[in-house]
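Summary of structural features
Each chain is listed here by its residues.
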Amino acid sequence: MKPVQKMTLFALLCALAIIFHFIESMVVIPIPVPGFRLGLANILSLVALYYFGVQALFTVGLVRVIFASLLSGMLFATSFWLSLAGVLLSSFVMSIAKRFSCFSIYGVSVLGSCAHIAAQVMVITWIYQQFFMQALLPILVALSIPTGLIIAMFAQQICRRLKGEG
């Protein structure tokens, strides 16, 4: 792939991540657990990791959080810090997990999903000094496993198409 095509694809991943972030914030999931989201924008982060590498993973995540917060007028609000913590920890965990051959894209995605929710619970506990959120952590982690698998399925299909495998 030519450098201009790579740069265009990377910019497209960033733009789509921001759009998915907005779409997801408008969708209400009828689960009585606060803070649960599907994590649709993480599809694009996983594609960035597997197609471009670790630096692209962090960049797509940070660009998504910063620009989505700016566009929604929520920069430095609680939701910004929750998203930022989730992106940073999940990106760190996924970049480490990808180095080990025992983890497929599915394992990397599930670990990232679990790390994302763990970071958000830690931050919400720290900001509000409300420790009851930690009681929800097992439920949120259990919910993050199937969503991590679904995100990985979509990301794997996109990566296959980008690499020309059908």
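Everything below is about the structure printed above this text.
In what follows, the accompanying structure is described. The model shown is predicted, which means the values in this text are computed figures rather than measured ones.

To continue, consider the overall build of the protein chain. Counting secondary structure elements, the protein chain contains six helices and zero strands. Going from N to C terminus, the protein chain has its helices and strands arranged as α-α-α-α-α-α. For the protein chain, the spread of C-alpha atoms along the principal axes amounts to about 50 × 35 × 30 Å. Taking all 166 residues of the protein chain together, 39% fall into the buried category. As displayed, the protein chain has an accessible area near 9,200 Å², and 72% of this comes from carbon and sulfur atoms.

On to the nonpolar core. Within the largest apolar cluster, 21 residues are counted, with the highest numbers of intra-cluster contacts made by Leu13, Leu46, Leu49, Val60, Met94, Val108 and Ala155. Taken together, the elements giving at least two residues each to this core come down to helix H1 (3-26), helix H2 (42-51), helix H3 (54-72), helix H4 (78-99), helix H5 (105-128) and helix H6 (137-162). In terms of residues, this core owes the most to one element, H2, which gives six residues. Residues in contact with Leu46, not counting those within four places in the same chain, are Met94, Ile105, Val108, Ser109, Ile151, Ala152 and Ala155. Residues Phe36, Ile117, Met133 and Leu136 belong to the second largest nonpolar core, which totals 12 residues.

The subject of this paragraph is H3. Counted at 1.5 Å a residue, the expected span for H3 with its 19 residues is 27 Å, and the 27 Å between its end C-alpha atoms agrees. Among all positions in H3, only Ala56, Leu57, Val60, Gly61, Arg64, Val65, Ala68 and Ser69 are buried. In the stretch just after H3, Gly73 is the one whose phi turns positive, near 75°.

Counting across every chain of the model gives one cavity of 30 Å³ or more. Counted as a void, the largest cavity has a volume near 40 Å³. If you trace the largest cavity, you find it lined by Asn42, Ser45, Leu57, Gly61, Arg64, Val87, Ser90, Ser91, Met94 and His116. Of all the elements in the fold, those that place two or more residues in the lining of the largest cavity are H2, H3 and H4. At four residues, H4 tops the list of elements feeding residues into the lining of the largest cavity.

So, about H6. Compared with an ideal rise of 1.5 Å per residue, which puts 26 residues at 38 Å, H6 spans 36 Å between its outermost C-alpha atoms and is within 8% of the ideal. Buried residues of H6: Leu140, Ser144, Thr147, Gly148, Ile151, Ala152, Ala155, Gln156 and Cys159, and no others. In this structure, the buried side of H6 is in contact with H2 and H5.

This part covers the side chain of His116. Mapped onto the secondary structure, His116 falls in helix H5. Residue His116 is classed as buried on the basis of its relative accessible area, which comes to 15%. Those residues in contact with His116, other than ones at most four positions away along the chain, are Ser83, Gly86, Val87 and Ser90.

The next subject is the packing of H3 against H4. Close contact between H3 and H4 brings their axes to 10 Å; oriented N to C, the two are set at 170°. With respect to H4, the element H3 is oriented roughly antiparallel. Contacts between H3 and H4 pair Val54, Leu57, Phe58, Gly61, Leu62, Arg64, Val65, Ile66 and Ser69 from the former with Phe80, Ser83, Leu84, Val87, Leu88, Ser91, Phe92, Met94 and Ser95 from the latter. Considering only residue class, the contact of H3 with H4 consists of 12 nonpolar, five polar and one charged.

Despite not being glycine, Phe76 has its phi angle at roughly 70°, a positive value. With respect to the helices and strands, Phe76 occurs in the loop between H3 and H4.

Before going further, it helps to examine the environment of His21. Note on placement: His21 falls in helix H1. If we skip the residues at most four places from it in the chain, His21 touches Ala41, Arg64, Ala68 and Ser83.

Each value, and the rule that gives it
- Residues numbered from 1 in each chain as written.
- Predicted model: local features only at pLDDT ≥ 70, side-chain atom pairs only at ≥ 80, totals over all residues.
- Heavy atoms only, no water.
- Helix = DSSP H or I, 4+ residues; strand = E, 2+ residues; numbered from the N terminus.
- Buried < 20%, exposed > 50% of the residue type's maximum accessible area, 1.4 Å probe, protein only.
- Areas by Shrake-Rupley, 256 points an atom, 1.4 Å probe, with all protein chains shown as cover.
- Core = buried A, V, L, I, M, F, W, Y, C linked by side-chain atoms within 4.5 Å.
- Contact = heavy atoms within 4.5 Å.
- Expected span 1.5 Å × (residues − 1).
- 1 Å grid on protein atoms, 1.4 Å probe; cavity = no way out; pocket = protein on both sides within 12 Å on 5 of 7 lines; lining within 4 Å.
- Points joined across faces, edges and corners; volume = space filled by probe spheres on them.
- Axes fitted to C-alpha atoms, helices over the stretch in contact; angles between N-to-C directions.
- Parallel < 35°, antiparallel > 145°, perpendicular 65-115°, else oblique.
- Nonpolar A, V, L, I, M, F, W, Y, C, P; charged D, E, K, R; others polar.

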